[in-house]
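Here is what each chain is made of, one letter per residue.
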Amino acid sequence: MDSKKDIKSLNLEELKTELESMGEKAFRAKQMYEWMHVKLARSFDEMTNLSAKFREQCKEKYEYTCVKPVRIQESKIDGTKKFLFELSDGNVVESVWMQYKHGNSVCISSQVGCRMGCRFCASTLDGLERNLTPSEMLDQIYAITRLTQERVSNVVVMGTGEPMDNYDNILKFLHLLTDENGLNISQRNVTVSTCGIVPRMRQLADEKLQITLALSLHATTDEKRRKLMPIANRYSIKELMEVCRYYFEQTGRRITFEYSLVGGVNDTEEDAKELIALAKPLCCHINLIPVNPIKERDFVQSDTGHIQAFKNKLESKKIHVTIRREMGRDIDGACGQLRRRHTQEMQNPDGLSQEEN
Ligand code: SAH
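Cut-offs applied
- Residues numbered from 1 in each chain as written.
- Predicted model: local features only at pLDDT ≥ 70, side-chain atom pairs only at ≥ 80, totals over all residues.
- Heavy atoms only, no water.
- UniProt positions renumbered as here; feature names shortened; annotations may be inferred.
- Helix = DSSP H or I, 4+ residues; strand = E, 2+ residues; numbered from the N terminus.
- Buried < 20%, exposed > 50% of the residue type's maximum accessible area, 1.4 Å probe, protein only.
- Contact = heavy atoms within 4.5 Å.
- Core = buried A, V, L, I, M, F, W, Y, C linked by side-chain atoms within 4.5 Å.
- Salt bridge = Lys/Arg side-chain N within 4 Å of Asp/Glu carboxyl O.
- Disulfide = S-S within 2.5 Å.
- pLDDT = per-residue confidence, 0-100.
- Pairing = 2+ DSSP bridges.
- Right-handed = clockwise from strand over helix to strand, strands pointing away.
- Near = heavy atom within 4 Å.
- Polar contact = N/O pair within 3.5 Å; in protein donor to acceptor, adjacent residues only side chain to side chain.
- Areas by Shrake-Rupley, 256 points an atom, 1.4 Å probe, with all protein chains shown as cover.

J.: Would you take a moment to explain the UniProt feature "binding site: [4Fe-4S] cluster" (unreviewed entry) in the protein for this structure?
T.: This chain's UniProt record puts "binding site: [4Fe-4S] cluster" (unreviewed entry) on Cys114, Cys118 and Cys121. Tracing the backbone shows cysteine 118 in the loop between β7 (111-113) and β8 (128-131). When its relative accessible area of 11% is taken as the criterion, cysteine 118 is described as buried. Excluding its chain neighbours within four sequence positions, the residues that come into contact with cysteine 118 are Thr124, Leu228, Met229 and Pro230. Relative to the helices and strands, cysteine 121 is located in the loop between β7 and β8.

J.: Would you mind showing me how to read unusual backbone geometry here?
T.: Negative phi characterises most residues that are not glycine, and trans characterises most peptide bonds. The phi dihedral of histidine 218 is positive, around 65°, even though this residue is not glycine. With respect to the secondary-structure elements, histidine 218 resides in the loop between β11 (212-216) and α7 (222-228). By relative accessible area, which is 4% here, histidine 218 ends up buried.

J.: I'm lost on the UniProt feature "coiled-coil region" (unreviewed entry) in the protein in this one. Help?
T.: Within this structure's numbering, the places UniProt gives as "coiled-coil region" (unreviewed entry) are residues 5-32. Structurally, residues 5-32 comprises 61% helix and 7% strand, and the distance from its first C-alpha atom to its last is 15 Å.

J.: Sorry if this is basic, but what is going on with the nonpolar core here?
T.: In a soluble, globular protein the nonpolar side chains are often hidden away together inside. Met32, Ile141, Phe173, Phe257 and Ile286 are the most contacted members of the largest nonpolar core, which has 100 residues in total. Excluding residues that lie within four positions of it along the chain, phenylalanine 173 makes contacts with Ile108, Pro134, Met137, Leu138, Ile141, Val155 and Val157. Counting residues in hydrophobic clusters, the runner-up holds 6 residues, among them Val96, Met98, Met158 and Ala214.

J.: Would you take a moment to explain the pattern of salt bridges for this structure?
T.: Between side chains of opposite charge, a pair can form when the charged atoms approach closely. What the rule picks out here adds up to 21 salt bridges. For the salt bridge of aspartate 45 with lysine 59, the shortest nitrogen-to-oxygen distance reads 2.8 Å. You can see aspartate 45 sitting in the loop between α2 (26-37) and α3 (52-61) and its partner lysine 59 sitting in helix α3, a full 14 residues away along the chain. Here aspartate 45 falls in the partly exposed class, since its relative accessible area comes to 41%.

J.: Can you help me understand the state of the cysteines in this one?
T.: Note: disulfide means a covalent bond formed between the sulfur atoms of two cysteine side chains. Tallying each qualifying case throughout the model produces 0 disulfides. Lacking any disulfide linkage, cysteine 114 is separated from the closest cysteine sulfur, that of cysteine 121, by 6.5 Å. Considering cysteine sulfurs only, cysteine 118 is the nearest to cysteine 195, which forms no disulfide, with 5.5 Å between them.

J.: Can you help me understand the confidence of the model for the protein in this one?
T.: Regions with low pLDDT carry predicted coordinates that are not meant to be interpreted in detail. Looking at the protein, the pLDDT average stands at 93 and 94% of residues meet or exceed 70. Throughout residues 351-357 the model reports pLDDT below 50, and contacts reaching past four residues in sequence, or to other chains, amount to 6 contacts.

J.: Honestly, the pairing of strand β14 (residues 320-323) in this entry has me stumped. Any pointers?
T.: In regular strands, side chains alternate between the two faces of the sheet. Pairing between strand β13 (residues 284-290) and β14: 4 bridges, direction parallel. Residue pairing for β14: histidine 285 is matched across the bridge by histidine 320. Assessed by its sense of winding, the connection that carries the chain from β13 through helix α10 (residues 304-316) to β14 is right-handed.

J.: Sorry, what's going on with the site of the ligand here?
T.: In the region of the ligand, 18 residues are neighbours, and Glu162, Ser193, Ser216, His218 and Asn292 sit closest. At 3.2 Å, a side-chain N or O of glutamate 258 approaches an oxygen atom of the ligand. At a separation of 2.8 Å, a nitrogen atom of the ligand approaches a polar backbone atom of asparagine 292. For the ligand, the accessible surface in isolation is 520 Å², of which the surrounding protein chains cover 94%.

Right under this line is the structure:
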C-alpha cells in the first residue's frame, strides 16, 4: 500500500494546512490547487510557477493521481466516446463522454467493480474490487477534458459501482467537482444514481446539495424488484419512496426514477399503472431505459412500440417521463461491458478473439 497522501483528493483548506506545515505560504496552496483542478496538470512537473525544489519535495511526500487512457472507442452512430482508464494499481475503469445539445456530459465510475449484484448489469458480474478515491473520480473527468479539449458541463455518476457504497469518497468528490476554485461544475448539473441504499440516501439529503439524485427503481413491487436487484431484500419500495420524499423536502430537488424496461419482466400495462401510483404522490421524473442486453444474461429489450406505449401511459397521467437515448450501443455502451471485455482479453487473448469473430 502506498502511504503517501493523495494530494488531488484534498480540498483547498486541507491543502493550505498541508503546505503550511512544509513552510509554504497560503497562496502556494491556491496556485497548486489551480494547477490540479483548473489547469488539469498531469504532474507536479507541469507546475512551472512553483520552484523545482518545492516540486521535488511534493513528489516525495504526495501521491499525484493520473488515470491513463488504455482504450478509447468512438461510436459511429452518435459520436459517444467510451474511455477505459488504467489506475495507478493497474485496475481499469470506464467512463463515457456524450455530446448533447445542452452541452457535454461525462459518465464516471465510482468503484472498480460492484457488489450490488443487479441481474441485468455487467459491472457486477465479478463483484467489487475496490472503491475509487475522490481524485480517481475527478481524474476521469479531467483526463476526458484534456483528451477531447472540450469543457464538460454535466457529470453523471452512473458508470460502474454503487456511489452510496462509497459514500465518504463520493461526497468529497462532489465538493471538489463543484468547488468554485476548481472545475466549478454547477451542482444542478450533477446526477448521482443509486440502487437504493436508504440510510445513505437520507444522509445525502441532509447534506442539502443541489445535485440530482436518481434512484434505480426498475420494478414496482418488492417481489418483482427482488428478482432483478438483490438490494431489494434489504430495503422495501415503501422505504425508498419515503426517503425520496425526504430528499425532495430537504433539497427541493426533483428525484429521478430510472426504470430499465426488460421485455416480459417489468413492461406490462399493470407495471405502468403501478409505476404511476408510485410516482404520482412524489415530485419526480421517470427515465425509461431500454435494457441493454448483456451476453451473460438472457434479458431482452422491450420492443420500440411497447416502450412508446409505456411512456404514453405515464404521460396520460401527467407523469414527467423521458426515454433515455441509447448512446454508444455499438461500443459496449452498457455499464461495465468494456472493462469486462478488456480484462477477459488480457487474461485469455486467444479465447476471446475467437468468440468475437
Ligand atoms: N449503482 C448505481 C449506478 C449504476 S448504473 C445504480 O444502481 O443506480 C446506472 C443505471 O443503469 C442504473 O439504473 C442501472 O440499474 C442501469 N443499468 C445497468 N446495466 C444496465 C443494462 N444492461 N441495461 C439497462 N440499464 C442498465
